[in-house]
Amino acid sequence: MTARIANVTFHADDPAALARFWAAVMGYPEPERLTPEEEAELRAAGLTDDDLAARAVAWDEDPTHQRFYFARYDHEKRHRNRMHLDISPAADRHATREEVEAERDRLVALGATVEKVLDGAWGPYDEFAIMMRDPEGNEFCLQ
């Protein structure tokens, strides 16, 4: 048996809003709300409106695609992320600079911000990536 990544989990002030952002980034459908039956079952178990709003998911239900999970986190972030996502507008090859820049513009329109542009060389290889933050400040790179 080997392990697999079940979720990429984000601590979030507003899980639903961050789930909508990442669903749009990844081309997933708008995150679904609970069905009336699910909500009734959770309320019968004692969950409140606040409890129900404390979690959200962005996923297209394709088991080959990554599932993103968002949970309310009520503590101040004091350190930078020790891990971040690298995303690309091209799934099957290295994206061109033009594709990366166009994707940057799309993500900024969704609410991301540009942190820093890496434009240079790493040994004999060209390096072009854009360090970004999602609407809640989580770091990711576009390459």
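Placed above this text is the structure.
Residues numbered from 1 in each chain as written. Predicted model: local features only at pLDDT ≥ 70, side-chain atom pairs only at ≥ 80, totals over all residues. Heavy atoms only, no water.

Chemist: Is there a simple way to explain the layout of surface pockets in this structure?
Modeler: Empty space left among the atoms is revealed by rolling a probe the size of a water molecule over them. Each pocket or cavity is described by its volume, and for the largest pocket that value is around 960 Å³. Along the walls of the largest pocket sit 28 residues, with Glu32, Arg33, Leu34, Arg55 and Ala56 positioned nearest its centre. Of all the elements in the fold, those that place two or more residues in the lining of the largest pocket are helix H1 (15-26), helix H2 (36-44), helix H3 (49-53) and strand S2 (55-58). Each residue belonging to the lining of the largest pocket can be placed in one class, and the counts come to 14 nonpolar, one polar and 13 charged. (1 Å grid on protein atoms, 1.4 Å probe; cavity = no way out; pocket = protein on both sides within 12 Å on 5 of 7 lines; lining within 4 Å. Points joined across faces, edges and corners; volume = space filled by probe spheres on them. Helix = DSSP H or I, 4+ residues; strand = E, 2+ residues; numbered from the N terminus. Nonpolar A, V, L, I, M, F, W, Y, C, P; charged D, E, K, R; others polar.)

Chemist: Help me understand the packing of aromatic side chains in this model?
Modeler: For any pair of aromatic rings, the description rests on two quantities: the centre-to-centre distance and the angle between the ring planes. Per the stated rule, a full pass over the model turns up seven aromatic pairs. Ring geometry for Phe10 against Phe68: centres 6.1 Å apart, planes inclined by 40 degrees, an arrangement best described as tilted. One end of the pair, Phe10, is in strand S1 (residues 8-12); the other, Phe68, is in strand S3 (residues 68-72), with 58 residues separating them in the sequence. No difference in accessibility class separates Phe10 from Phe68, as the two residues are buried. Note on Tyr28 and Phe68: the rings are 6.3 Å apart at their centroids and 50 degrees apart in plane angle, and the pair reads as tilted. Residue Tyr28 is found in the loop between H1 and H2, and its partner Phe68 is found in strand S3; the two are separated by 40 residues along the sequence. When sorted by exposure, Tyr28 lands in the same class as Phe68, which is buried. (Phe/Tyr/Trp six-rings, centres within 6.5 Å; stacked < 30°, edge-to-face > 60°. Buried < 20%, exposed > 50% of the residue type's maximum accessible area, 1.4 Å probe, protein only.)

Chemist: Before we go on, may I ask you to explain the pairing of S1 in this structure?
Modeler: Each regular strand shows side chains that alternate between the opposite faces of the sheet. Of the two faces of S1, the one lined by Val8, Phe10 and Ala12 is fully buried and the one lined by Thr9 and His11 carries no buried residue. Pairing between S1 and S3: five bridges, direction parallel. Residue pairing in the sheet places Thr9 in a bridge with Tyr69 of S3. (Pairing = 2+ DSSP bridges.)

Chemist: Is there a simple way to explain helix H4 (residues 97-110) in this structure?
Modeler: An α-helical turn contains 3.6 residues, so a residue and the one three or four places further along point in the same direction. In a regular helix each residue adds 1.5 Å, so 14 residues correspond to 20 Å; H4 covers 20 Å between its end C-alpha atoms and thus fits that length. Looking only at H4, the buried set comprises Val100, Glu103 and Leu107. End-on, the buried residues of H4 take up no more than an arc of 65 degrees, which puts them together on one face. With respect to the buried face of H4, the exposed residues turned more than 90 degrees away are Glu98 and Ala109. Taken together, the buried residues of H4 touch H1, strand S4 (85-87), strand S6 (125-133) and strand S7 (139-142). Of the residues flanking the end of H4, it is Gly111, one or two places downstream, whose phi is positive at about 125 degrees. (Expected span 1.5 Å × (residues − 1). Arc of directions from axis to C-beta. Contact = heavy atoms within 4.5 Å.)

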